Amino acid sequence: MRSLLSLDRHLFDLARRRPKGVLIGAALCAAVALFLASRVTLDSDFLALMPAENQVVGEFRDTMERFGSLDLMLVGLRLPDGPTDAAYAYADAVAEELRAMPEVSWLEYHTDEIMSAATALVRWAPLYMGEGDLDELLATVSSPEALDREIAELAETLRSPADLPFKELRKVDPLGMIPKAWESFGASSQSELTDRFDAESGYAVDPGGRFILLLVKPARTAADVPFARELLVKVEAAAERAEELWRSDGWDGETPGLLLAGGHVVTVHDARLIASDLGFGTPAAVIAVVLLFAVAFSRPLALVIAFVPLFMGLILTAAFAVVSLGHLNAVTATFAALLVGLGIDFVIVLYGRYVEERRSGSDFEQAMEAIRLHTVPSVRLGAVTTSVTFCAFLLSDFAGLWELGLITGAGVLLVMISVFAVLPAILTLLERRRETPPPAVRGFGSRALMRFSHRRPKLILGVNLALTALLGFAALDVVYDDDALNLRSTRNPGLLHQQELMEAFGLRFTPYMVRVDGDTEAEAIARARVMLPQLRELADGERLARVESVAPWVPEEGRQRRQIERLEAFTTAPAAVAEQVTSALVTQGLNPAAFQDGIDQLVEALSIETPQGPSALEGTTVGHLLGRYVALSADRASTIIYCYPPPGQWRRFPPPDLERVVAENEHAVLTGPVIVSAELKNVVWRDATTAALIGALLVTLFLAFDLGGLKAAILSLIPLGIGLVWMLGGMALSGVVVNFLNIFVFTMILGIGVDYGIHLLHRWKESGDLQDAIDLAPAITVAALTTVLGFGSLVLSSFPGLRSMGAAAIFGVLSVAWLGLTLLPALAGLKGEGKSD
C-alpha cells in the first residue's frame, strides 16, 4: 500500500531527472489525446440525462418514442400585416417547398389537407357511418331511380361555384359517404381536427391573426442530431426559395417571419448551446484562472507553469471521455470547467511551496525535495478525496450525473498525474540555474486574517457563530424546484418559439398521459373505452379539465361487424353497382373516367369483410392525427388517453383520483412530464443523500488514515460542515433554488472544501508550528479563488440547471475557504496551541 502511494513521488523524481524526456513523452500523449478528443460527439437528448433504469422514466421514454410526441416540427409564419392574401400565398409557397423535401413525411396547414386526405376514408366509410345512413346508402344503390337522383344532385353540385377541394372530394366520393361517416367522429373529434383552422380562409391561423402554423412530420426522430441539423438548414433554405417564388409572383411588402419549434429544433439548438458553452465557457475559465495565477505569483512565467500541466490534464480527460463514453452532453460538458478550478489547485499548492522554500533560503534541489516529501502527499490526498466524492455519483441513477462522476472523478486523477509529471519538469528546465528567488505569493490579506484569528479566537468564533445562525436560519427558506423542464435552456430559440406558438394557438403539450396496452389495436382501444367513463367523471374543472381519446372515434368491433353483416346481406353485386353508377354519370353528361377512382373505392367499400381500426387510416391527415393516439409494434399495441389538468393546477403531482383510476387497470400506465418530475424528486433525494453519506464516510476514512487519527480528521471536516450550512443560506438569500443538478454540488464540496483543511493540517503537523500553516494561507486563498473562477464559469452556461450549479459552488467554496482560514487558527488560539503569536 505504501509503495503504491509513493508512485507519485517516483513520478515527481523522474520528471526532475529527465525533464526533456518527460515533456517529450507528455507532448506525444497530448497529441494522441487531442486526436481522440476530436472524435467526441455532443448528445443533446434531454431524456438521456434521466435515470436509465427507473421504471417511471422508462415508461415515459417508451411512450415518447412510440408515439413520437416530441418529433413534430412547428413551422410558424409571423404575419407582419395580419392574415392577408399575400401571407396566404407565402404560406402556400413554403408548404410547396417543404412538401418536396425527402426529409418531410407530411405536413398540414390548410383544410385542403384534410379534405384531400379524407378521400382515403371512402373505402372504409360504411364502418364509420350510422346504421341508418348505411341502410339509406344501400337502398340508393339498389334502386336505379334513386341512384339517378343522387347523381343528378352530384352534377348540380359540381356545376355550382363550390370550393375546388369539395369538388375534388366528390369525384372520389360520388355518393357522399364521407360526410355521413365524418359525423360519427362526434362534435369533440371534429373540433379537435378543425379548431386550429380559420373558417373563412381554411389556413391554420391563430385567433389573434399573428401566425400561420404549418405542422410538419420529419422522416426521422429528433434524437438523430445530424438529420435534425440538416433538416433545419434545408427548411430555412426552403423558406428562402419560397420568398423568391413569392416575389416572382408579384407580391410586395415584408415577408412573414419564420419561427421553427419542436423536438428537432430544440435538439439542434441544444447541441449548439453545448458546443458554445464548451467553446466559450471553458476557455474563459482557463484564461481567468491562469491570469489570476500570474497575478498571485507576480511573474508572467507563471502562465506557462500553470497552463501547460492543466492543459495536459484536460485533454487527457477529454480523451478518456471519448474512450469511455463516446459523447458529451449538457451535464458532462461541464467537466472542463470543473477541472480547471480543481486542477489549478494542485499547481498552486506545489508551486506555492516551491516559492516559499526558495524565499526562505533553500536552493532549487532543496525546495524540490521539500515538495516531494511534504507537499506531494497532501496534494495526493486532496486529489483522492475529491475524486472519491465525484465517484460517489456513480451510485446515482441519473445517467448525466453518473457520466459526470465518471469523467470528473477520473479527470481529477489524470490532472494530478499531469501536474506531478509536467510541473517538476518545467520547473527543472526553467528554475534549476536561477539564483534569484521568485516573487512572494500574494495572499490578498489571508496571512493577516489567520494571524488575527489566532490572536482573537473568541471574536472570530463569535462572528462565525453569528453568521452560522443567520445563514442557517435563512437556509430553512431555501426553495427546491423539482420541475425537470426548468433545467432546459432558456436561450434555446426552439423552446422560445414553441412557447410563443403554443400560447398563440392554445396548444397544449404537457397533459397527463394514460397509456393503455393490448395485444392488438382493437384490444387496446376496447380497454381504453372501458376506462373512459371513470376518467370523464374527473373532468370537473378541479381535477381535470378535459379528456381526449381515440376510442369514441372508432366504432366498436361489434358495431362494425353489424355493418359488415348489412353489406353481406346486400344482394346487388358491387360490380353491378359500379356499372349503374357509370350509366347514371353518362346520363347526367358527366365523364365516368373522372370518377373512376371513386367508383373503384365504392366497390371496395361495399366489399368490406373485416373490422378496421385507426391504422387503416394511416397516411391521411386524419390518420396523422390518430397517430397521436395509437401506436403499433410487433409485440403490442397501445393507445393514449390525454388528460389535461385545469390551468395552473396539478403541476407538481397528479390528482390522486387519476392515479387511483389508472392503478385499478392493470393494462394502463400513467406517465407524462409531471409524473416524471414527481418521481425524480424522490430519486434525487435518495441519490443525493446516498452520495453525500458515502462521500463523507470515504473522505473521513482517508483523512483518518493520512492524518493519523479520527480526531484530526474531524478537525479538518469542521469548516466543511459549517460551510455547507453557509452555502445553503447564501443560496436562499440570493434566490438560487435547489434542483436536480445543484443538489449534488453538496457532494462536490465535500471533496473540494476538505482540501483546504488537509493542506493546513499537513503543514502544521509537518513542523508543529502554526506559522508554517499561516505561510500556506496565500496558496489556499489563490486556490479557492481559482476554484471559484473555474466553477463560477458555469454561471455563463446556457442551461439554468448548470448555472445554478455554478452559483451553488461559488457559495460553497468561498464559505469553506473562509472557515478553513479562520476556524483552525481560532481553535488553536482558544486552546493556547501554536507557536505563532
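Residues numbered from 1 in each chain as written. Predicted model: local features only at pLDDT ≥ 70, side-chain atom pairs only at ≥ 80, totals over all residues. Heavy atoms only, no water.

Draft legend 1. Structural view of the side chain of Arg372. Along the chain, Arg372 turns up in helix 17 (residues 364-391). Separated by 3.5 Å, the side chains of Arg372 and Asp13 make a polar contact. If we skip the residues at most four places from it in the chain, Arg372 touches Arg9, Phe12, Asp13, Arg16 and Pro377. (Helix = DSSP H or I, 4+ residues; strand = E, 2+ residues; numbered from the N terminus. Polar contact = N/O pair within 3.5 Å; in protein donor to acceptor, adjacent residues only side chain to side chain. Contact = heavy atoms within 4.5 Å.)

Draft legend 2. Inspection of the environment of Met416 at higher detail. Mapping Met416 onto the fold places it in helix 18 (residues 399-431). Between the C-alpha atom of Met416 and that of Gly343, which follows or precedes it by 73 residues, the distance is 7.0 Å. Once residues lying within four places of it in the same chain are set aside, the contact partners of Met416 are Phe346, Arg380 and Ala383.

Draft legend 3. Geometry of the environment of Ala691. Tracing the sequence through the fold places Ala691 in helix 28 (residues 673-707). Under the relative-accessibility criterion, Ala691 is labelled buried at 2%. Put simply, Ala691 and Leu395 are 296 residues apart on the chain and 6.8 Å apart in space, counted from C-alpha to C-alpha. If sequence neighbours within four positions are ignored, Ala691 has contacts with Ala392, Phe393 and Thr747. (Buried < 20%, exposed > 50% of the residue type's maximum accessible area, 1.4 Å probe, protein only.)

Draft legend 4. Structural detail: the packing of helix 22 (residues 521-537) against helix 27 (residues 656-663). Contact geometry for helix 22 and helix 27: axes closest at 10 Å, N-to-C directions at 165°. Relative to helix 27, helix 22 is oriented roughly antiparallel. Relative to helix 27, the crossing made by helix 22 is right-handed. In contact with Met531, Gln534 and Leu535 of helix 22, helix 27 contributes Leu658, Val661 and Val662. (Axes fitted to C-alpha atoms, helices over the stretch in contact; angles between N-to-C directions. Parallel < 35°, antiparallel > 145°, perpendicular 65-115°, else oblique. Left-handed = near helix turned anticlockwise from the far one by under 90°.)

Draft legend 5. View of a nonpolar patch on the surface. On the surface, a nonpolar cluster with roughly 530 Å² of combined accessible area is contributed by Leu34, Val304, Phe307, Val308, Phe311, Leu429 and Leu430. Element by element, the count of residues in the nonpolar patch is highest for helix 15 (residues 302-324), at 4 residues. Mapped onto the secondary structure, Leu429 falls in helix 18. (Patch = residues over 30% accessible without salt bridge, like charges linked within 9 Å, V, L, I, M, F, W, Y side chains within 5 Å. Areas by Shrake-Rupley, 256 points an atom, 1.4 Å probe, with all protein chains shown as cover. Salt bridge = Lys/Arg side-chain N within 4 Å of Asp/Glu carboxyl O.)

Everything listed here is a matter of coordinates, which is why it stays silent on function.
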